[in-house]
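# Residue-level structural notes
Here's the letter readout for the chains.
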Amino acid sequence: MALCLGQVFSKDKTFRPKKRFEPGTQRFELYKKAQASLKSGLDLRKVVQLPEGENLNDWIAVHVVDFFNRINLIYGTMSEYCTERTCPIMSGGLRYEYRWQDGDDYKKPTKLPALKYMNLLMDWIESLINNEEIFPTRVGVPFPKNFQQVCKKILSRLFRVFVHVYIHHFDSICSMGAEAHINTCYKHYYYFISEFSLIDHSELEPLKEMTEKICN
């Protein structure tokens, strides 16, 4: 990539501060390794593979946080085009509608404007990745038994951001000159979830044509 995402998408419009890894930790070193591979121009299919000798849960944690940061940055910039008037429901075209449920304030699937849905989604993910019981940062503290299930749910919901942005705001992406950058972000995401079977492929149906176009 000739430019980083931060040069294309406005950092001033992200919903929340970027989640960072603590220097000196194993996860910070893994993050640096993953970023170096991305910048090296290596095939993204190889970049997502688990490095020899590394723990799978650590590798997944690093990528979940990184995807959260990147997708949050993308949508934060696109949000000026995504209002209650332009996007009164969270959807992906006419065939797909996403309703919000978190078990707390929204105990039943609830139809919401896309912007409201996105804000709730990012808040929900941020609360999970900042929860030491789910994403432990202290050395020697194990991941919970349901860690991968939690990550699958996070990644599944982040996919919905790609769906909405691609289907409803693609013209804005192109006018910003950001098409290549969001495509690269999506390819990275797609190869990662495919490498570790983190999302049922039936959930990827809304972007099937786009995926075949840019990922094959």
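Definitions and cut-offs
- Residues numbered from 1 in each chain as written.
- Predicted model: local features only at pLDDT ≥ 70, side-chain atom pairs only at ≥ 80, totals over all residues.
- Heavy atoms only, no water.
- Helix = DSSP H or I, 4+ residues; strand = E, 2+ residues; numbered from the N terminus.
- Buried < 20%, exposed > 50% of the residue type's maximum accessible area, 1.4 Å probe, protein only.
- Contact = heavy atoms within 4.5 Å.
- Salt bridge = Lys/Arg side-chain N within 4 Å of Asp/Glu carboxyl O.
- Core = buried A, V, L, I, M, F, W, Y, C linked by side-chain atoms within 4.5 Å.
- Phe/Tyr/Trp six-rings, centres within 6.5 Å; stacked < 30°, edge-to-face > 60°.
- Lys NZ or Arg CZ within 6 Å of the ring centre and 35° of its normal.

Identification of the protein chain as MOB kinase activator 3C from Amphilophus citrinellus is taken from an unreviewed UniProt entry.

In terms of regular secondary structure, the protein chain is built from eight helices and two strands. Each helix and strand of the protein chain, placed in order from N terminus to C terminus, yields the pattern α-α-α-α-β-β-α-α-α-α. Counting only residues that meet the buried cut, the protein chain has 49% of its 216 residues in that class. Within the protein chain, counting contacts between residues at least 6 apart in sequence, those at least 24 apart form 73% of the total.

The next thing to look at is the pattern of salt bridges. If you walk through the whole model with that rule in mind, you get three salt bridges. The partner of D66 in a salt bridge is R70, and the shortest N-O contact between them spans 3.0 Å. One end of the pair is D66 and the other is R70, both in helix α4 (residues 56–78) and four residues apart, which spans about a single turn. Across this residue pair, the class does not change: D66 and R70 are buried. Close ionic contact of R138 with E132 constitutes a salt bridge, the shortest N to O distance being 3.5 Å.

Moving on to the nonpolar core. With 65 residues, the main nonpolar core has F135, I154, F162, Y186 and Y189 as its most contacted residues. Listed by contribution, the elements that provide at least two residues to this core are α3 (44–47), α4, α5 (114–129), α6 (147–175), α7 (179–195) and α8 (208–215). Take this core: its biggest share by element is 13 residues, from α6. Leaving out residues up to four positions away in the same chain, F162 has contacts with I71, I182, C185, Y186, Y189 and L207.

Working definition: an aromatic ring pair is given by the centre-to-centre distance plus the angle between the planes. This structure, assessed with the given rule, holds 17 aromatic pairs. On the basis of an interplanar angle of 75° and a centroid distance of 5.6 Å, the ring pair of F67 and Y189 is categorised as edge-to-face. Of this pair, F67 sits in helix α4 while Y189 is found in helix α7, placing the two residues 122 residues apart along the sequence. By relative accessible area, which is 0% here, F67 ends up buried. Note on F159 and Y189: the rings are 6.4 Å apart at their centroids and 15° apart in plane angle, and the pair reads as stacked. Placement of F159 in helix α6 and of Y189 in helix α7 is noted, with a sequence separation of 30 residues between them. Here Y189 falls in the buried class, since its relative accessible area comes to 0%. When the ring centre of W100 is taken as origin, the NZ or CZ atom of R157, which lies over that ring, is 4.4 Å away. Over the face of the ring belonging to W124 we find R157, whose NZ or CZ atom lies 4.5 Å from the ring centre.

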